[in-house]
Amino acid sequence: MKVISIFNQKGGVGKTTTNINLCTYLAIKGYKVLTIDIDPQGNTTSGLGIDKNILKSSMYDVLTNDESIENVVQECQLIKNLYIAPSTIELAGAEVELIKIENREVILKNKINNIKEKYDFIFIDCPPSLGLITVNALVASASVLIPIQTEFYALEGVGQLVNTIQLVKKSLNRKLEIEGVVLTMYDNRMKLSNEVAEEVKKYFKDNLYNATIPRNIRLAESPSYGLPIALYDNKCKGAECYSSLTDEFLIRQKRSVTSE
């Protein structure tokens, strides 16, 4: 069992798309997967076909109202073996409420500890900011998966991103590691994409996944239908790349277990 945060302080990098589709392909392969949506935008929630307007409880209640995460988790009706702890816009107010709670950085970790043995993988979809909600995710996780888009400003925040992870590791979670880095919105016909890819490779070395996620219209369309790409169009280039990423992710997990 492994808890992994999908995080980048920069927005619009394909973080939620990566979360939804990696979780989906792992579930299709037979792994029992839980995705925890702690982004107030709730895009993972809606992207997996859940109507946020009819939820009786969400991750807001887990973090602020002492609700059990087990009572919030629901089975994804689209994909067998996939479960989700949904989010709503209410979560945007949680930052202020968490400030007054004792041991606020470990709330999510303690909640996850009660259920983690039920799953093979738990993925946490983080908001694109470093607040108490994201800190809770990083403290609860064994590793961080970082999506980075192959665009001009992509490299500007990389150093800050790594420093953030190292800071949390030093002060709150000594076991936290970088799971890997995924290049998103990649277009090998563009000189800029290739230049950014080379720079990211130099910086992260073996942490960079070989599988890259392209700009793909079908991939961009699928969330508006509340479907992962495997159900929306499993023959498109985006689907093939997320399937390849999942295979590479599993190979790395096996290597990690073997090396231990």
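Structure: above.
Residues numbered from 1 in each chain as written. Predicted model: local features only at pLDDT ≥ 70, side-chain atom pairs only at ≥ 80, totals over all residues. Heavy atoms only, no water.

## Details of the nonpolar core
If you look at the biggest cluster of nonpolar residues, it comprises 51 residues, and the most contacted ones within it are Ile-36, Ile-38, Ile-69, Ile-112, Ile-124, Ile-146 and Phe-204. The element best represented in this core is helix H7 (residues 132-140), accounting for 7 residues. Filtering out sequence-adjacent residues up to four positions away, Ile-112 remains in contact with Val-3, Ile-36, Ile-69, Ile-122, Ile-124 and Ala-140. One finds Ile-20, Cys-76, Leu-82 and Ile-229 within the second-largest nonpolar core, a separate group that totals 33 residues. (Core = buried A, V, L, I, M, F, W, Y, C linked by side-chain atoms within 4.5 Å. Buried < 20%, exposed > 50% of the residue type's maximum accessible area, 1.4 Å probe, protein only. Helix = DSSP H or I, 4+ residues; strand = E, 2+ residues; numbered from the N terminus. Contact = heavy atoms within 4.5 Å.)

## Comments concerning the sheet that holds strand S6 (residues 143-149)
Judged by pairing direction, the sheet is mixed, and its 7 strands sit side by side in the order S3-S4-S2-S5-S1-S6-S7 without closing on themselves. Whereas interior strands pair on both sides, the edge strands pair on one side only; in this sheet they are strand S3 (74-75) and strand S7 (177-184). Bridge count for strand S1 (residues 2-6) against strand S5 (residues 121-125) is 5 bridges, and the pairing is parallel. Directly across from Lys-2, in S5, lies its bridge partner Phe-121. Against the sheet, H7 contacts S1, S5 and S6, and its axis sits at roughly 145° relative to S1. Sheet contacts for helix H9 (residues 191-204): S6 and S7; angle to S7, the most-contacted strand, approximately 170°. (Pairing = 2+ DSSP bridges. Axes fitted to C-alpha atoms, helices over the stretch in contact; angles between N-to-C directions.)

## Re the state of the cysteines
A covalent bond between the sulfur atoms of two cysteines is referred to as a disulfide. By the definition in use, this model includes 0 disulfides. Cys-23 supplies the cysteine sulfur nearest to Cys-76, a cysteine that is in no disulfide, at a spacing of 10 Å. (Disulfide = S-S within 2.5 Å.)

## Concerning the pairing of S1
Counting buried positions along S1 yields 5 of 5 residues, so the element is predominantly enclosed. Alternating positions in S1 separate into two faces, Lys-2, Ile-4 and Ile-6 on one and Val-3 and Ser-5 on the other, with burial throughout. Note that S1 and S6 share 3 bridges and pair parallel. By the bridge assignment for S6, Ile-6 is matched with Leu-145.

## Let's talk about the side chain of Ser-5
By the secondary structure assignment, Ser-5 is in strand S1. Given a relative accessible area of 0%, Ser-5 falls into the buried group. Engagement of the side chain of Ser-5 in a polar contact is seen with the backbone oxygen of Ala-137, the distance being 3.3 Å. Sequence-distant contacts of Ser-5, that is, excluding residues within four places in its chain, are made with Ile-124, Cys-126, Ala-137, Leu-138, Ser-141, Ser-143, Val-144 and Leu-145. (Polar contact = N/O pair within 3.5 Å; in protein donor to acceptor, adjacent residues only side chain to side chain.)

## A short note on the pattern of salt bridges
This model, assessed by the stated rule, comprises 14 salt bridges. Between Lys-2 and Glu-179 there is a salt bridge, and its shortest N-O distance comes to 2.7 Å. One end of the pair, Lys-2, is in strand S1; the other, Glu-179, is in strand S7, with 177 residues separating them in the sequence. For the pair Lys-2 and Glu-179, one class covers both residues: buried. Overlapping salt bridges bring together Lys-15, Asp-39 and Asp-125 as one network. (Salt bridge = Lys/Arg side-chain N within 4 Å of Asp/Glu carboxyl O.)

## Describing the environment of Leu-155
Structurally, Leu-155 can be placed in the loop between S6 and helix H8 (158-171). The exposure class of Leu-155 is partly exposed, given its relative accessible area of 33%. Each C-alpha atom of the pair Leu-155 and Val-200 lies 7.5 Å from the other, and the pair is 45 residues apart in sequence. Not counting the four nearest positions on each side in its chain, Leu-155 is found in contact with Val-196, Glu-199 and Val-200.

Purely geometric numbers; function is a separate question.
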